[in-house]
There are 2 protein chains.
Amino acid sequence: MKPPASSPAPRAEPTDHPAGSLDVRVRRTLKVVVDAAVEVLLEEGWDQVTHARVAQVAGCSKVTVYAHWPNRVDLLRDAFDRLNDATHHVPTGDLGRDLVAELRAFRTELVERRLDRVLAVLADRSASVPELRDVRDRFVADGEQAMRELLEPVMSGSRHEAAVLMLCGAMIHAVLLHGRAPDDATIDAMVGLVLAGR
Amino acid sequence: MKPPASSPAPRAEPTDHPAGSLDVRVRRTLKVVVDAAVEVLLEEGWDQVTHARVAQVAGCSKVTVYAHWPNRVDLLRDAFDRLNDATHHVPTGDLGRDLVAELRAFRTELVERRLDRVLAVLADRSASVPELRDVRDRFVADGEQAMRELLEPVMSGSRHEAAVLMLCGAMIHAVLLHGRAPDDATIDAMVGLVLAGR
């Protein structure tokens, strides 16, 4: 939808609405709308992410929201994509410490940046809204990527898959179904078990 | 609510509505209503579990449903409790094989008995419906109990907690967020890693 950033405007003559500034304004509005959709999703839940409610929170007209996202699910997809920017630990080369640090960074995302809510909604709704499945898959693949790369040098095949599922899964399970994240001692023990068993 | 099964009726004189048969009839109706609530929850989702829809599926009047469950959340709680009867593996004493068998039984519950849907709904909705949290906690505690007991003889403290979270979490994570259950080779590798690391 956006032109490549490197394509120059063919002419630079001043007009009332130079193409460049209009594009910036439109993009700014679209960003405000997606931010509003994220806010409504996290604060009020999936059902409240309607064109009317998002326009209200964004401070723009419903017409603007409908013009860019005729389908509500497309707006939700853009909101999930906006949320898919998790912070990861930068590896140091000490595998045990890197895994512990990555799991702690994951815990921060889950608890403080409300990734737990996002994953709960994706898990629940992608069963009945098939269009969400590729959002979910991209979200999960991006989130697991750092863990997969850390473990690749020391295990492969089913053991690699098992280790990734267990380390990520323990965090998800604790947050979504126990209602609390694993503490530091539990994270240390998780990494200890997986690395001792490699 | 129910009298103890051992308490005899004080008198056995026949009447139009002997207390015993009335009680049986009422209980049968209540069971049909809860079964209907379970069916609506699994087939149509949380939002559709209303007094009207459940009465329709159960083939009884809305008045009956309201009379026993004035609050919709109470009906949902009873539906979740009905679902909380997972089948577990009976331990043989061979820890590795018992863990693999328990995880496979868990997989069957998740995939074939739709436990994945139940857990997704509990994870998503217990954030905004606090009354669901004790249902969720009971559900999860009952589900994990067999795994906890199997691992107790060989590990304790944070390592025990880590192993339970990782084994159960890998299953939950795969089903809810990858959209597919771990295969046999992955389950074998999960148990191998945890037991080698003990």
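Conventions and cut-offs
- Residues numbered from 1 in each chain as written.
- Chains lettered and ligands numbered in written order.
- Predicted model: local features only at pLDDT ≥ 70, side-chain atom pairs only at ≥ 80, totals over all residues.
- Heavy atoms only, no water.
- Disulfide = S-S within 2.5 Å.
- pLDDT = per-residue confidence, 0-100.
- Contact = heavy atoms within 4.5 Å.
- Phe/Tyr/Trp six-rings, centres within 6.5 Å; stacked < 30°, edge-to-face > 60°.
- Lys NZ or Arg CZ within 6 Å of the ring centre and 35° of its normal.
- Axes fitted to C-alpha atoms, helices over the stretch in contact; angles between N-to-C directions.
- Helix = DSSP H or I, 4+ residues; strand = E, 2+ residues; numbered from the N terminus.
- Parallel < 35°, antiparallel > 145°, perpendicular 65-115°, else oblique.
- Nonpolar A, V, L, I, M, F, W, Y, C, P; charged D, E, K, R; others polar.
- Buried area = accessible area lost by both parts, 1.4 Å probe.
- Salt bridge = Lys/Arg side-chain N within 4 Å of Asp/Glu carboxyl O.
- Polar contact = N/O pair within 3.5 Å; in protein donor to acceptor, adjacent residues only side chain to side chain.
- Least-squares fit on C-alpha atoms with pLDDT ≥ 70 in both.
- Buried < 20%, exposed > 50% of the residue type's maximum accessible area, 1.4 Å probe, protein only.

Section: the state of the cysteines
Disulfide: a covalent bond connecting the sulfur atoms of a pair of cysteines.
Phase 1: What the rule picks out here adds up to zero disulfides over all chains.
Phase 2: Looking at C168 of chain B, it has no disulfide partner, and the nearest cysteine sulfur is the one in C168 of chain A, 16 Å off.

Here's the deal with the confidence of the model for chain A
Close inspection of predicted coordinates is inappropriate for parts of the model with low pLDDT.
Phase 1: Averaged over every residue, the pLDDT of chain A is 87; the share at 70 or more is 89%.
Phase 2: When the criterion is pLDDT under 50, residues 1-17 of chain A qualifies, and its contacts beyond four places in sequence or with other chains add up to two contacts.

Structural notes on the packing of aromatic side chains
Phase 1: In total, this model carries zero aromatic pairs over all chains according to the counting rule given.
Phase 2: It is R72 of chain A that lies over the ring of W46 of chain A; its NZ or CZ is 5.1 Å from the centre.

Observations regarding the packing of helix α8 (residues 157-178) of chain A against helix α9 (residues 184-196) of chain A
Residue and element names in this part refer to chain A.
Phase 1: Closest axis-to-axis distance for the α8/α9 pair is 11 Å, and the angle between their directions is 170 degrees. Between α8 and α9, the angle is such that the two are roughly antiparallel. Side by side, α8 and α9 meet where A163, M166, L167, A170 and M171 of the first sit next to I187, M190, V191 and V194 of the second.
Phase 2: The residue inventory of the contact of α8 with α9, partitioned by class, reads nine nonpolar, no polar and no charged.

Remarks on the interface of chain B and chain A
Phase 1: Each partner contributes to the interface: chain B provides 43 residues, whereas chain A provides 43 residues.
Phase 2: Both sides of the chain B and chain A interface together cover about 3500 Å² of buried area, and 69% of this is carbon and sulfur.
Phase 3: Interface area lost by chain B to chain A is led by M166, L177 and L193 of chain B, which between them contribute 22%.
Phase 4: Here chain B is connected to chain A by four salt bridges.
Phase 5: We note a salt bridge from D124 of chain A to R117 of chain B, for which the minimum N-O separation is 2.9 Å.
Phase 6: At the boundary of chain B and chain A, one finds six residue pairs in polar contact (both at pLDDT 80 or more).
Phase 7: Secondary-structure elements contributing two or more residues to the side of chain B that touches chain A are α6 (115-125), α7 (133-151), α8 (157-178) and α9 (184-196) of chain B.
Phase 8: Broken down by element, the side of chain B that touches chain A gets its largest block of residues, 17 residues, from α8 of chain B.
Phase 9: Tallied by class, the residues present in the side of chain B that touches chain A amount to 25 nonpolar, seven polar and eleven charged.

Regarding the pattern of salt bridges
Phase 1: Applying the stated rule across the entire model yields 36 salt bridges over all chains.
Phase 2: Via salt bridges that share partners, D47, R117, D124 and R125 of chain A together with D47, R117, D124 and R125 of chain B belong to a single interconnected network.

Here we look at the relation of the copies chain B and chain A
Phase 1: Superposition of chain B onto chain A requires a rotation of 180 degrees combined with a translation of 0.0 Å along the rotation axis, giving an RMSD of 0.0 Å. Taken together, these values place the two copies in the relation of a two-fold axis.

Regarding the environment of G93 of chain A
Phase 1: Mapping G93 of chain A onto the fold places it in the loop between α4 (72-83) and α5 (95-111).
Phase 2: Under the relative-accessibility criterion, G93 of chain A is labelled exposed at 70%.

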